[in-house]
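Residues per chain, in single letters:
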Amino acid sequence: MNMKNLKLIQNKAELRALLKEIKGDVGLVPTMGALHRGHQSLIERANSENDFVVVSVFVNPTQFGPNEDYDKYPRTLESDLKLAESAGADVVFAPSPKEMYTDIYFEEKETTLVCPPYKYVNRLCGKTRAGHFDGVCTVVSKLFNLTNPKRAYFGQKDAQQLFIIKKMVQELDFDIEIVKCPIVRETDGLAISSRNTYLSENDRKSAVNISKALFKVKELKDKGIVESSTLIDTAIAYLKDFEVDYVEIVSKNDFCSVATVKNGDIILIAAKTPECKVRLIDNLEL
Ligand code: PAF
């Protein structure tokens with residue numbers, strides 16, 4: 001195991017001062033904490049490709065809607081520090097909201113935002129989570145400005161987020177390589193997520209149907225069934241007890257829905273579990 005001497009930094013000036021002294025490539029792993037094996041794989045990859053690794057742990061208020069789980073989102077800094085250190089991080093940057101945002105945000109609930117085009121955000125997760133991707137792009141831009149990384153690591157699990165961040169980097173001329181990291185799954189196929197901690201025992205059993213639906217669709221597509229509507233109906237049949245938010249098949253190039261599936265297209269699911277209504281997302285490249 002690659003154990004470094006991890007430093008916890010909670011203030012922006014201290015982070016900037018430390019990074020000024022660093023020679024070599026900085027890798028950034030932005031997270032909202034509650035670190036799990038998925039994050040671990042991102043940090044390990046960042047450690048293998050960079051000289052210095054910063055993991056940010058910040059539950060970002062600007063990406064949560066008023067009726068979402070900002071207050072109850074798991075906050076587990078002590079165990080996050082242990083996982084980050086054992087995966088090879090040099091710094092965990094864990095600012096408070098007051099450190100991250102200026103007074104105007106707390107007084108007016110407004111701040112300068114980075115807003116991706118409507119075309120990228122008017123569907124999939126953006127449809128039911130108004131303003132979510134503005135918040136994500138804003139905090140990710142702030143983290144990029146604070147850490148000036150050579151590479152930044154994001155999981156494929158949040159496929160639309162990854163697509164939008166890549167577009168933002170291109171459109172705002174950030175000189176940063178965005179590294180896409182594969183989804184990490186439990187042995188039964190459930191995609192690992194911080195929100196899995198909300199699942200009741202029954203929901204945990206049901207949750208596996210999401211990945212089962214995805215893998216069934218891949219199996220059918222590999223057998224030559226390429227009509228999206230047929231494949232989507234197959235997936236929906238696995239989600240009988242769920243509140244389905246969306247099941248869509250999109251092109252990885254523009255994230256627009258496709259009628260006929262070709263190699264590399266992505267099927268995405270967002271659905272709330274039957275019992276506790278935990279909103280889970282997952283996807284698979286076809
Ligand atoms: O994917 C996440 O955990 C968050 O959306 C991110 C990228 C850390 C921004 O807050």
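What comes next concerns the included structure. Numbers given to residues run from 1 along each chain, matching the order in which its sequence is written. Local features are withheld for residues below a pLDDT of 70 in this predicted model, meaning they are given only at 70 or higher, and side-chain atom pairs are given and counted only at 80 or more; totals for whole chains, interfaces and linings count all residues. Think of the side-chain values as coming from all heavy atoms in the structure, minus any hydrogens and water.

**Topic: helix 10 (residues 201-222)**
- Helix length check: helix 10, at 22 residues, gives a terminal C-alpha distance of 33 Å against a target of 32 Å (1.5 Å per residue), a fit within 8%.
- Exposure classes here rest on a 1.4 Å probe applied to the protein chains alone. A residue is buried below 20% of its type maximum, exposed above 50%, and partly exposed in between. Here a helix means four or more residues in a row that DSSP labels H or I, a strand means two or more in a row labelled E, and each is numbered from the N terminus. Every buried residue belonging to helix 10 is among Asp203, Ser206, Ala207, Val208, Ile210, Ser211, Ala213, Leu214, Val217, Leu220 and Lys221, and all of these are buried.
- Buried-residue contacts for helix 10 involve helix 11 (228-237), strand 8 (266-272) and strand 9 (279-285).
- Of the residues trailing helix 10, Gly224 is marked for its positive phi of about 110°. Given the number of residues in a helix, its expected span is that number minus one, multiplied by 1.5 Å. Note on contacts: a residue pair is in contact if any heavy atoms of the two residues lie within 4.5 Å.

**What about the site of the ligand?**
- The environment of the ligand is formed by Pro30, Thr31, Met32, Asn60, Gln63, Val136, Val139, Phe154, Asp158 and Gln161.
- Gln63 is positioned with one of its side-chain polar atoms (N or O) 2.6 Å from an oxygen atom of the ligand.
- Gln161 places a side-chain nitrogen or oxygen 2.7 Å from an oxygen atom of the ligand.
- Only the protein chains shown count as cover for residues, and the accessible areas themselves come from Shrake-Rupley with a 1.4 Å probe. The protein chains hide 89% of the 290 Å² of surface that the ligand would expose on its own.
- When residues of the shell around the ligand are traced back to their parent elements, those giving at least two are strand 2 (26-31) and helix 8 (132-147).
- Note on residue categories: nonpolar means Ala, Val, Leu, Ile, Met, Phe, Trp, Tyr, Cys or Pro, charged means Asp, Glu, Lys or Arg, and polar means any other residue, Gly included. Across the shell around the ligand, the residue classes break down as 5 nonpolar, 4 polar and 1 charged. We call a residue near a molecule or strand whenever a single non-hydrogen atom of that residue lies within 4 Å of it. What qualifies as a polar contact is a pair of N or O atoms within 3.5 Å, subject to a donor-acceptor requirement within protein and to the restriction that residues adjacent in sequence count only when both atoms come from side chains.

**Quick word on the state of the cysteines**
- Cysteine sulfur atoms that come within 2.5 Å of each other are treated as a disulfide pair. This structure, assessed with the given rule, holds 0 disulfides.
- Lacking any disulfide linkage, Cys125 is separated from the closest cysteine sulfur, that of Cys137, by 13 Å.
- Under the relative-accessibility criterion, Cys125 is labelled buried at 8%.
- Of the cysteine sulfurs around Cys256, a residue in no disulfide, the closest is that of Cys125, at 15 Å.

**As for the sheet that holds strand 9**
- One open sheet accounts for 3 strands, arranged 7-8-9; its pairing is antiparallel. Two strands close off the open sheet at either side, each with one partner strand: strand 7 (243-250) and strand 9. Neighbouring strand axes in the sheet, compared pairwise and without regard to direction, differ in orientation by 10° on average.
- Bridging between strand 8 and strand 9 involves 7 bridges; their strand directions are antiparallel. Bridge pairing in strand 9 links Lys272 to Arg279.
- Throughout, an axis means a line fitted to C-alpha atoms (over the contacting stretch in the case of helices), and angles, computed between N-to-C directions, take values from 0 to 180 degrees. Together, strand 8 and strand 9 form the strand contacts of helix 10, whose direction differs from that of strand 9 by roughly 20°. Paired strands are those between which DSSP finds at least two bridges.

**Some remarks on unusual backbone geometry**
- A positive phi is found at Leu124, a non-glycine position, where the angle reads about 50°.
- Here Leu124 is to be found in the loop between helix 6 (118-121) and helix 7 (125-128).
- The phi torsion at Asn148 lies on the positive side, around 45°, for a residue other than glycine.
- Relative to the helices and strands, Asn148 resides in the loop between helix 8 and strand 5 (151-155).

Take it as geometry only, folks, not as evidence of what the structure does.
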